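Analysis of the macromolecular model
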Amino acid sequence: MLFFALLVVVIFSFSFEPTSEEAQRISGGLMWVAFLFAAVVALNQTWARELRNQVLDAYRVSPAPGWSLFLAKTIGNFLFVMVLECLMAPLFVVFYNLRSVGPESMLALSAVLGTWALVVNGTFFAAMSLRTRAREIMLPLLLFPISIPALLAMVSATTATLTGDSSPTLALEFLAVYDLVFTIVCLLLFDTVLHAE
Amino acid sequence: MFGRFAALREVTASFDDGRLYAIFGDNGAGKSTLLRVICGLARPSSGKVTLLGSSDLRSVLGGVGYMAHAPLLYDEMTGLENLHYFAGLYRPVDDDKLRDAIRTVGLDPGLTRYVGQYSQGMKQRLSLARATLNDPKVLLLDEPFSNLDPQSAKAMSRLLGEMRDAGRTILVVTHQSVHVAGIADESFWMSAGKIVDRQPGIRAAESAVRS
């Protein structure tokens, strides 16, 4: 995943040479493209261990609530993807000579809210895809459309902070509400997904 | 029903407390599906299941132990780690009890190998330990004797008899009637999704073989 992100950064930086101002404007989108694809590679492996030896059947015949399993997986994925982002972000800073005009705390908040948005839906859809044969294709097919509003908000918030052209507040508020709504929906529906035949 | 395929047809059966039932049948007869329906892993297309006095299977799962063909264990953890993890799904974990459970099935609780490196027989035994972690009133075992050497199979057979004597209701799907000969209270023969014979002991298997 890290290698994939490196590839994205290097290829984009060689394919066009933006001015400093252009770099500030486009790097928000580039970063989230790299983060998104790296997250999908990670999310596709979310349930790999449970698929081997049919471990999920052991959960299904236990009284443990499905939402606890979902939350544990989501938090694990979130931490993993955040670590990836912390490793990838300096590459963008170096290759695009980035300097944030707005406060870095807003960038951090964008990263946290944006990553949670990707991961909470990704973990849910990865579980939904378990019973399909083409599960590695199904996850992005399901995840990308539903993530579009969040992606636009992530990119908008990141770009606004980097360029200082506008306030990222509205985008961050949207992301926070998006995260809350989809976290609740996924928690409520996960039991149904876990026990579906 | 799975699509147009009927794995079980018109199955009506009841099982009394504290007895061991052996379920025999041809491959594809619906034996494993029967166990999966009883523990709620598969939903019947029609009819109902009442388990431990309740038709809401999710509410009684704390009293059910299930052992499948697959070991239902994480390859990336040791035996004790696996049991610690699955025990936590039921109640606060007592490590001493877990070690006892591992010893009861003839394994060493101090084994630091990951389960992925176990032999099939070892996985089978650990899977039985996992299925009994929650002190279940009902134990559903799918081919528990497969991959076991004769000595281990005999030990498992003795263990199942002790569990039955302690008041557990046990359903065992097996092709190996010799391992349940001394312990089965009743046996069923299944064919093409139906229960076609039900007899005391293992007579259902013996009759099927003779006919």
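An account of the accompanying structure is given in this report. (Residues numbered from 1 in each chain as written. Chains lettered and ligands numbered in written order. Predicted model: local features only at pLDDT ≥ 70, side-chain atom pairs only at ≥ 80, totals over all residues.)

Along its length, chain A carries eight helices and zero strands. In sequence order, chain A lays out its α and β elements as α-α-α-α-α-α-α-α. Principal axes of the C-alpha set define a box for chain A whose edges measure 60 × 30 × 25 Å. Evaluated residue by residue, chain A yields a buried proportion of 39% over its 197 residues. In chain A, of all internal contacts separated by at least 6 residues, the share reaching a separation of at least 24 is 83%. (Helix = DSSP H or I, 4+ residues; strand = E, 2+ residues; numbered from the N terminus. Buried ≥ 20, exposed ≤ 12 C-beta atoms within 10 Å, placed from the backbone. Contact = placed C-beta atoms within 7 Å.)

With that out of the way, let us pick up the interface of chain A and chain B. Every contact between the two is made by 14 residues of chain A and, on the other side, 21 residues of chain B. At five residues, the largest contribution of residues to the side of chain A that touches chain B is made by helix α4 (residues 55-60) of chain A. Of the residues contributing to the side of chain A that touches chain B, the split by class is six nonpolar, three polar and five charged. (Nonpolar A, V, L, I, M, F, W, Y, C, P; charged D, E, K, R; others polar.)

In this section: the nonpolar core. Within the largest apolar cluster, 67 residues are counted, with the highest numbers of intra-cluster contacts made by I23(B), L83(B), L140(B) and V172(B). When residues no more than four places from it in sequence are discounted, the contact partners of L83(B) are L98(B), A101(B), I102(B), A129(B), R130(B) and L133(B). Counting 48 residues, the second-largest nonpolar core is a separate cluster that includes A34(A), L69(A), L107(A) and V120(A). (Core = buried A, V, L, I, M, F, W, Y, C linked by C-beta atoms within 7 Å.)

We now examine unusual backbone geometry. Residue and element names in this part refer to chain B. In the Ramachandran plot, L72 falls in the positive-phi region, its phi being about 55° despite a non-glycine side chain. As for its placement among the helices and strands, L72 is situated in the loop between β2 (64-67) and α2 (79-87). Using a count of 25 C-beta atoms within 10 Å as the deciding quantity, one classes L72 as buried. Positive phi outside glycine occurs at A192, with the angle close to 50°.

The next thing to look at is the packing of helix α7 (residues 135-163) of chain A against helix α8 (residues 169-195) of chain A. Residues and elements named next belong to chain A. As a packed pair, α7 and α8 sit with axes 8 Å apart at the nearest point and diverge in direction by 145°. Here α7 runs over α8; the crossing is left-handed. In this structure, α7 uses P149, A150, A153, M154, S156, A157 and A160 to contact α8, whose residues at the interface are A171, L172, F174, L175 and Y178. Taken together, the residues of the contact of α7 with α8 sort by class into 11 nonpolar, one polar and no charged. (Axes fitted to C-alpha atoms, helices over the stretch in contact; angles between N-to-C directions. Left-handed = near helix turned anticlockwise from the far one by under 90°.)

Turning our eyes to something else, we now look at helix α6 (residues 104-128) of chain A. The first and last C-alpha atoms of α6(A) sit 36 Å apart over 25 residues, in line with the 36 Å expected at 1.5 Å per residue. Burial within α6(A) is extensive, with 19 of its 25 residues counted as buried. (Expected span 1.5 Å × (residues − 1).)

We now examine helix α5 (residues 66-95) of chain A. All names here are of chain A. Taking 1.5 Å of rise per residue, 30 residues should cover 44 Å, and α5 covers 43 Å from first to last C-alpha, within 8% of that figure. Here α5 has its buried residues at L69, F70, K73, T74, N77, V81, L84, E85, M88 and F92. Taken from the residues just after α5, N97 is the one with a positive phi, measuring 50°.

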